[in-house]
Amino acid sequence: AALGSDGVRVTMESALTARDRVGVQDFVLLENFTSEAAFIENLRRRFRENLIYTYIGPVLVSVNPYRDLQIYSRQHMERYRGVSFYEVPPHLFAVADTAYRALRTERRDQAVMISGESGAGKTEATKRLLQFYAETCPAPERGGAVRDRLLQSNPVLEAFGNAKTLRNDNSSRFGKYMDVQFDFKGAPAGGHILSYLLEKSRVVHQNHGERNFHIFYQLLEGGEEETLRRLGLERNPQSYLYLVKGQCAKVSSINDKNDWKVVRKALTVIDFTEDEVEDLLSIVASVLHLGNIHFAADEESNAQVTTENQLKYLTRLLGVEGSTLREALTHRKIIAKGEELLSPLNLEQAAYARDALAKAVYSRTFTWLVAKINRSLASKDAESPSWRSTTVLGLLDIYGFEVFQNNSFEQFCINYCNEKLQQLFIELTLKSEQEEYEAEGIAWEPVQYFNNKIICDLVEEKFKGIISILDEECLRPGEATDLTFLEKLEDTVKHHPHFLTHKLADQRTRKSLGRGEFRLLHYAGEVTYNVTGFLDKNNDLLFRNLKEAMCCSENPIMSQCFDRSELSDKKRPETVATQFKMSLLQLVEILKSKEPAYVRCIKPNDAKQPGRFDEVLIRHQVKYLGLMENLRVRRAGFAYRRKYEAFLQRYKSLCPETWPIWAGRPQDGVAVLVRHLGYKPEEYKMGRTKIFIRFPKTLFATEDALEVRRQSLATKIQATWRGFHWRQKFLRVKRSAICIQSWWRGTLGRRKAAKRKWAAQAIRRLIRGFILRHAPRCPENAFFLDHVRTSFLLNLRRQLPRNILDTSWPTPPPALREASKLLQELCRKNMVWKYCRSISPEWKQQLQQKAVASEIFKGKKDNYPQSVPRLFISTRLGADEISPKVLQALGSEPIQYAVPVVKYDRKGYKPRSRQLLLTPSAVLIVEDAKVKQRIEYANLTGISVSSLSDSLFVLHVQREDNKQKGDVVLQSDHVIETLTKTALSADRVNNININQGSITFAGGPGRDGIIDFTTGSELLVTKAKNGHLAVVAPRLNSR
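Residues numbered from 1 in each chain as written. Predicted model: local features only at pLDDT ≥ 70, side-chain atom pairs only at ≥ 80, totals over all residues. Heavy atoms only, no water.

Enquirer: Give a description of the overall build of the protein chain that names residues and reports values.
Expert: Scanning the protein chain from N- to C-terminus turns up 35 helices and 31 strands. Over its C-alpha atoms the protein chain spans a radius of gyration of 63 Å, topping by over 25% the 31 Å that the globule rule assigns to 1039 residues. For the C-alpha atoms alone, the extent of the protein chain along its principal axes is close to 195 × 95 × 70 Å. Within the protein chain, the proportion of its 1039 residues that are buried is 50%. Intrachain contacts of the protein chain at a sequence separation of at least 6 include 63% that bridge at least 24 residues. Carbon together with sulfur atoms contributes 52% to the accessible area of the protein chain, which is approximately 51,700 Å² in total. With 155 positive and 122 negative side-chain charges, the protein chain shows a separation of 16 Å between the mean positions of the two kinds. (Helix = DSSP H or I, 4+ residues; strand = E, 2+ residues; numbered from the N terminus. Rg over C-alpha atoms; globule rule 2.2 N^0.38 Å. Buried < 20%, exposed > 50% of the residue type's maximum accessible area, 1.4 Å probe, protein only. Contact = heavy atoms within 4.5 Å. Areas by Shrake-Rupley, 256 points an atom, 1.4 Å probe, with all protein chains shown as cover. Lys, Arg positive; Asp, Glu negative; His and termini not counted. Charge placed at Lys NZ, Arg CZ, Asp CG, Glu CD.)

Okay, here's the thing in structure tokens:
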């Protein structure tokens, strides 16, 4: 089944629900099929939605979008490959695939006929068909050579046969029929091309806004400098007379330089040798040089060649003698009574001869080129047995019906061709319809249609037809002109209902007909032809001496194009019209022998703009393509037909008896279905394999009912699917949960068993080790001993001392006592090290002082324990408490410590307030602003203090120092701090004496004093009756 871009199955019927927006995909389903307006409106709707393809039964109507719609990719090819014609939306690939499958399965030759006016997209359609077959057909046994040649023949034929016209930038100026031969495997095996009526007049003349054939511009724009130099050409197209008449050398949509590269490569692919390419380009260049040949009249008004340089190039490129060519261009050879006479030409005749030679050279070269391509495409296995089983698929790309402001001989031939093809088209369409009806056992109803045989006979009938009269007028002796031809027409066919001239018309019609014109009523409408040039174009004579010159050409291609047998042949060559008629009759016979498929191309506007829909222009083409006539023939019977299987598969859900499965024959199921739907007998017929529905409205009603039914079915299917989906998901989750649970239980059980096993083994080893714990280490007690050690270490880790003062330590087992002792020592050292690293310099100094105090006073001085928690401070006096005069007297000597003290006189022991200052070199006793006594550390012999809790101390000085009056008795509230700092400053730590009972000190020269210390309830310092200083101090600590 075909899938759309969104992955949904797409059929022709599925688009009917959107018919109001995008129209119907088959014009046969139009309700008002006789209305041209309804036909065009359906085209407009589809064109607006970028749907450029529509069917008329098996006929494909294509509207040129003038832009790339991205609908020719490999994905699109696969979508249409091997799918029934009506199962996918209309497309050129559907036609291509249907023809190919019929060729493969039925072994019948096929033909795809593509028609339409210039610019409608015929050439592009042909290329897309070839691309489809090249991509989708099996690879041939000879590799891709045949396929490549088939594809590469197109650029070459387009270069030599296509040109820019007012209607189309790449207009085919010749008709082309290509046979593609397929072997028994369905692979391309060869091909053959027939060309029809090349517009050779374009070589010498172009209308304004048009160009000559592409190859001239491609050669000038893309040719290498060396090539152009050899050919005597320059890049500017304006330099050549044959290229400037249209005044349109450059076209924005054409890249001649790139196209030249494509053509050059293609020539190599289709077996052109380098010599053949050079010879071919020489001929192309010679045509340009021929156009630049100029003439001047001599005294006798005879033409003479004036452009010697161009003549030299021509003689070299064409390989002819210069004198022979000069004579042939300026003289005409006449044979009278067996004698050859040379008649000089005037300027007009010489220009005619030059142009005739240019047209003959180009047209014959084109014919040779087609023959060369055919030799390249011809199967190399024609002698093999498998060649007999080949089938042929023909592609006809031919000009459509043409109606211009001025219609001449070319339009007459083209429109005659379209009459013949229309006649064939109607015959084959009616024939295929009749055959289908007979095959299905349905009575054939005769169809009324316009039989254009009467027009074909008017043109081609022997002796009475227009072509016969034209040939007769061309051949008769005497002065025959275009007007004498018109007069003879009037005499011969004046009573024909489809023929009219100025003379035969009534008064009213004569206003629209000139005296040199005749009018034919074609199947597509009236066309008025101007007879001017009919005789010349039909004769297409080339003077004998020009033929002789060309027959002597040394250019290999020219020598094949101009055969010497022409010179000896006394029979007059057939006229152009007769040749065309014979080739056309041959083409009709070829097409009749094949199964036809049709593509009708329509141009939406003349400006080549995407999205623009010109209704007047399209109505004109619909008429000239005979689309309404085709639709009428198709709708004369039944509008819709479908195989029973396909019809039942699509609509079976509309009937309870056929839904969801019909077990019987499809034909019986369809009969039950249409009865349920209420079809009336006149609305349908049952054939042998198909159902035929007469009216589109019957199908539309069925399709609308299906759309409604689909909504309910979709809801039901969604609900069922959701239930099934979630049920399946629940079951998957449940199975997964059970699986995980069982696995986890097993894992837990195994872990538990392993743990129990390990525990039992560990317990056994512990018990065995415990029993042998006192024995030397052995395998039996190693585990226990290791366990004991590990347990102790782990326990030790948890119970390590928190700080240096914490002396706790776990009791080690006997085996670890030595290790425990080492560990404890390491631990303490580590804590000490950490503690020392963590203290600040100030705190370190504090500790050092405390350590000195401890060394001096611990266990010796009663009030020492009370001083331990109190921090020593740097000084007890601020800078503002010391007299500035004292500071001035000290000069730069710093004060290390200052504390207020009480000094006792040496005689009466009267207490006096003083300040004790420590400097780096001395102890100073200060009274207010005066230094009362300075004791150098060198003269300080010792310090005495009692062991009680009093705060008196004595500074002993040398007795020999005359500056000192004696020892100093002082009292300080911070005695421990003061003595420690004094001892450290004076370096007298070992000179502090702690006495019990009394202290003797020097009171003056030759006189000593005594301080007696006793314990009491409170501190008391008085002078005793015995003249001693008595100090009573309470005991704070027992030693």
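Enquirer: Report on the packing of aromatic side chains, specifying residues and quantitative values.
Expert: Per the stated rule, a full pass over the model turns up 28 aromatic pairs. For the pair Phe412 and Tyr529, a centre-to-centre distance of 5.7 Å together with 85 degrees between the ring planes defines the contact as edge-to-face. One end of the pair, Phe412, is in helix H15 (residues 409-440); the other, Tyr529, is in strand E15 (residues 525-530), with 117 residues separating them in the sequence. Each member of the pair, Phe412 as well as Tyr529, carries the same accessibility label: buried. Seen in terms of ring centroids, Phe518 and Phe534 are 6.0 Å apart; in terms of plane orientation they differ by 75 degrees. Their pairing is edge-to-face. Of this pair, Phe518 sits in strand E14 (residues 517-522) while Phe534 is found in helix H20 (residues 534-539), placing the two residues 16 residues apart along the sequence. In this structure Phe534 comes out as buried when scored by relative accessible area, which is 0%. Through a chain of ring-to-ring contacts, three or more aromatic side chains come together here, namely Phe409, Phe412, Phe485, Phe499, Phe518, Tyr529 and Phe534. Lying over the aromatic face of Phe272, Lys372 brings its terminal NZ or CZ to 5.4 Å of the ring centre. (Phe/Tyr/Trp six-rings, centres within 6.5 Å; stacked < 30°, edge-to-face > 60°. Lys NZ or Arg CZ within 6 Å of the ring centre and 35° of its normal.)

Enquirer: Describe the sheet that holds strand E19 (residues 690-693), naming the residues involved and giving the relevant values.
Expert: As summarised here, the arrangement of the three strands in space is E17-E19-E18, forming an open sheet in which the pairing is antiparallel. The outermost strands of the open sheet, each flanked by one partner alone, are strand E17 (640-643) and strand E18 (684-686). The sheet shows a mean angle of 15 degrees between the axes of neighbouring strands, direction not considered. Note that E17 and E19 share four bridges and pair antiparallel. Paired with Lys643 across the two strands is Lys690, which belongs to E19. (Pairing = 2+ DSSP bridges. Axes fitted to C-alpha atoms, helices over the stretch in contact; angles between N-to-C directions.)

Enquirer: Give a description of the pattern of salt bridges that names residues and reports values.
Expert: In the structure shown here, the tally under the stated rule is 48 salt bridges. A salt bridge links Lys861 to Asp950, with the shortest nitrogen-to-oxygen separation between them at 4.0 Å. You can see Lys861 sitting in the loop between helix H32 (841-857) and helix H33 (864-867) and its partner Asp950 sitting in the loop between strand E24 (940-946) and strand E25 (952-957), a full 89 residues away along the chain. Per residue, the accessibility class of Lys861 equals that of Asp950, and both read buried. A salt bridge links Arg912 to Asp905, with the nearest nitrogen and oxygen atoms 2.8 Å apart. Under the relative-accessibility criterion, Asp905 is labelled buried at 18%. Residues joined in a network through salt bridges with shared partners are Glu36, Glu41, Arg44, Arg45, Glu615 and Arg619. (Salt bridge = Lys/Arg side-chain N within 4 Å of Asp/Glu carboxyl O.)

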